[in-house]
Amino acid sequence: NQPHWRNLNAGLHLAYCTNVHRGETWAETFDALNRYTLRVRDRICPGRPYAIGLRLSNHAAHELNDRATLLEFQRWLGKNHCYVFTMNGFPYGQFHGDRVKEQAYEPDWISPERLEYTKLLFDLLAQLVPAGIEGSVSTLPCSFKGFYLHADELKLIRNNIWHCVEHIARLSKQTGRTLHLGLEPEPLCVLECSGETIQFFERMRAEHPHPQRLAEHLGVNYDTCHFAVEFEEPQNALACLLHYGIKISKIHLSSALKVRPTAEAREALAAFADDVYLHQVVVRRADGQRIIYPDLRPALAGEPQEPADALAGTSGSSGTADLQTPEWRIHFHIPLHHPPAPLFDNTADHILGALDFLAASPGTCSHLEMETYT
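Computed from a prediction, not measured in an experiment: that's the story for all the values here.

**Remarks on the overall build of the protein chain**
The secondary structure content of the protein chain amounts to 13 helices and 13 strands. Taken across its 374 residues, the protein chain has 55% of its residues classed as buried. Taking the contacts inside the protein chain whose residues are at least 6 apart along the sequence as the reference set, 81% of them involve residues at least 24 apart.

Have a look at this one:
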């Protein structure tokens, strides 16, 4: 009487990431699961198996690692027809309320703290993911470029990730589970585009010649918001990653903000320049030149005002971008249900392109997670 977990086409698993809810302790995390996640389950698929994309801070992970606490959670999952197939291991600590900004990348993969935290997440996931289902953890793309790392520090990052891969491989063999880590490229991080990601994996293979282990247990968490901000096209980016033998560990479904920088749009954007998260801005000017800003305020202050005639007729939502007019793409994780607005468009077309790719090649990835936190 094994439960029928796979309810989507081609054995896909879909969850929303629980990092949208506040909670740094296990008690707070568990309370959010009871208060919110079960209500979502009741609206989506009452009485049927429901997937959870679990976000655990380092603090919460250590608390859940208590044997009695973990057993209680396992029983709760069974009682409520829920299962965990993926975890978000990007934010290590506080992620709501206070200033996060570049602290979201700390500790990075230079540090033993990041390595031990990620190994702990896999230890927990191996005991939570049902038999026959792969388990994934997503993590930051090495570090933040604003930390200005030296070559020896980048090598230390690769070594720490390799040590994590070895741990995942041993754990997979011991438990009979297929587990993998997904690096999540993001604007202004060490890995921010498909090209840099491919170079990183090639370097890993040269330094750690265990191709099977790397292929099975290390991949990419393809965040549609992040790749859209970089003006990448999903068909090209996904095809290139797969061509170079890089596993697509998970796909984050999320929209970025897309605007034409009219005076009215700039004025409206100023209200969203918050002090909590980084909102990297990639500007594609009318001549095709691309400029990247680390946050929204520097972009509003530093990007010159475009002449009115260059922007004529470009307000409102549009499909394919007109290369003759400037466009800003901004790192906001817009909820998937939010439609385009007269001033604020979104990058839902990137999500649809990624889903089209997945429909044509369903073996590309079995893990889908809706992710937003703003």
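From this point, the discussion proceeds with the structure in view.
**Observations regarding the environment of phenylalanine 227**
Turning to its location among the elements, phenylalanine 227 is positioned in helix 8 (residues 224-229). Given the relative accessible area of 1%, phenylalanine 227 is considered buried. Sequence spacing of phenylalanine 227 and alanine 237 is 10 residues, and the spatial spacing of their C-alpha atoms is 8.3 Å. Not counting the four nearest positions on each side in its chain, phenylalanine 227 is found in contact with Pro185, Cys193, Ser194, Tyr222, Glu232, Ala237 and His350.

**Topic: helix 13 (residues 348-360)**
Along its 13 residues, helix 13 runs 19 Å from first to last C-alpha, staying within 8% of the 18 Å computed at 1.5 Å per residue. Regarding helix 13, the residues found buried are His350, Ile351, Gly353, Ala354, Phe357 and Leu358. Seen end-on, helix 13 carries its buried residues on one side only, within an arc spanning 160 degrees. Exposed residues lying more than 90 degrees from the buried face of helix 13 are Leu352, Asp356, Ala359 and Ala360. Check the buried side of helix 13 and you find it contacts strand 6 (218-223), helix 8, helix 9 (234-243), strand 7 (247-253), strand 8 (255-259) and strand 13 (367-370).

**Re the confidence of the model for the protein chain**
When pLDDT is low, close inspection of the predicted coordinates is not appropriate. Looking at the protein chain, the pLDDT average stands at 90 and 90% of residues meet or exceed 70. Below pLDDT 50 for its whole length, residues 1-6 participates in 10 contacts with residues either more than four positions away or in separate chains. The low-confidence segment residues 307-321, where pLDDT is below 50, has 23 contacts with residues more than four positions distant or belonging to other chains.

**As for the sheet that holds strand 6**
Strand order in the open sheet formed by eight strands is 1-13-7-6-5-4-3-2, with parallel pairing between adjacent strands. Every other strand in the sheet has two partners, leaving strand 1 (13-16) and strand 2 (50-55) as the edge strands with one partner each. Averaged over all pairs of adjacent strands, the angle between their axes in this sheet comes to 30 degrees, without regard to strand direction. For strand 6 and strand 7, the ladder comprises five bridges, and the chain directions are parallel. By the bridge assignment for strand 7, glycine 219 is matched with lysine 247. Running over the sheet, helix 3 (residues 67-79) touches strand 2 and strand 3 (82-88) and is turned about 125 degrees from strand 3.

**Let's talk about unusual backbone geometry**
The general pattern is negative phi for most residues beyond glycine and trans for most peptide bonds. A cis amide bond links glutamate 106 to the next residue, proline 107, at an omega of -10 degrees. Following the sequence through the fold, proline 107 ends up in the loop between strand 3 and helix 4 (112-128). Within the chain, cysteine 142 stands out as a residue other than glycine whose phi angle is a positive 80 degrees. On the secondary structure map, cysteine 142 appears in the loop between strand 4 (135-139) and helix 5 (151-175). You can call cysteine 142 buried: its relative accessible area is 1%. If you check the backbone angles, tyrosine 148 has positive phi at about 50 degrees while not being a glycine. With respect to the helices and strands, the residue tyrosine 148 is situated in the loop between strand 4 and helix 5.

**Observations regarding the layout of surface pockets**
Of the pockets and cavities examined, the second largest pocket occupies roughly 300 Å³. Looking at the second largest pocket, it is lined by 16 residues, and the ones nearest its centre are Leu257, Phe272, Phe332, Ile334 and Pro335. Split into classes, the residues belonging to the lining of the second largest pocket amount to 10 nonpolar, four polar and two charged.

**Some words on the pairing of strand 7**
Buried residues dominate strand 7, accounting for six of its seven residues. Note: strand 7 against strand 13, three bridges, orientation parallel. Bridge pairing in strand 13 links histidine 252 to glutamate 369.

**Examining the pairing of strand 13**
Two strands pair when backbone bridges link them, and strand 1 and strand 13 are joined in this way by four bridges, in the parallel orientation. Of the residues in strand 13, the one forming a bridge with leucine 14 is leucine 368.

**Overview of the pattern of salt bridges**
Taken as a whole, this structure holds 15 salt bridges when the rule is applied. Arginine 55 is paired through a salt bridge with glutamate 24; the nearest N and O atoms lie 3.3 Å apart. Taken together, the residues span a long stretch of sequence, with arginine 55 in strand 2 and glutamate 24 in the loop between strand 1 and helix 1 (26-44) at a distance of 31 residues. We classify arginine 55 as buried; its relative accessible area is 3%.

**A short note on the packing of aromatic side chains**
Within this structure, the stated rule accounts for 14 aromatic pairs. With a centroid separation of 6.2 Å and an interplanar angle of 90 degrees, the aromatic rings of phenylalanine 30 and phenylalanine 73 are classed as edge-to-face. Linking phenylalanine 30 in helix 1 with phenylalanine 73 in helix 3, this pair joins segments that are 43 residues apart in sequence. Residue phenylalanine 30 is classed as buried on the basis of its relative accessible area of 16%. Phenylalanine 73 sits in the buried class, given a relative accessible area of 1%. Seen in terms of ring centroids, phenylalanine 272 and phenylalanine 332 are 6.3 Å apart; in terms of plane orientation they differ by 85 degrees. Their pairing is edge-to-face. Of this pair, phenylalanine 272 sits in the loop between helix 10 (263-270) and strand 9 (281-284) while phenylalanine 332 sits in strand 11 (residues 327-334), and the two are 60 residues apart along the sequence.

So, how was this worked out
Residues numbered from 1 in each chain as written. Predicted model: local features only at pLDDT ≥ 70, side-chain atom pairs only at ≥ 80, totals over all residues. Heavy atoms only, no water. Helix = DSSP H or I, 4+ residues; strand = E, 2+ residues; numbered from the N terminus. Buried < 20%, exposed > 50% of the residue type's maximum accessible area, 1.4 Å probe, protein only. Contact = heavy atoms within 4.5 Å. Expected span 1.5 Å × (residues − 1). Arc of directions from axis to C-beta. pLDDT = per-residue confidence, 0-100. Pairing = 2+ DSSP bridges. Axes fitted to C-alpha atoms, helices over the stretch in contact; angles between N-to-C directions. 1 Å grid on protein atoms, 1.4 Å probe; cavity = no way out; pocket = protein on both sides within 12 Å on 5 of 7 lines; lining within 4 Å. Points joined across faces, edges and corners; volume = space filled by probe spheres on them. Nonpolar A, V, L, I, M, F, W, Y, C, P; charged D, E, K, R; others polar. Salt bridge = Lys/Arg side-chain N within 4 Å of Asp/Glu carboxyl O. Phe/Tyr/Trp six-rings, centres within 6.5 Å; stacked < 30°, edge-to-face > 60°.

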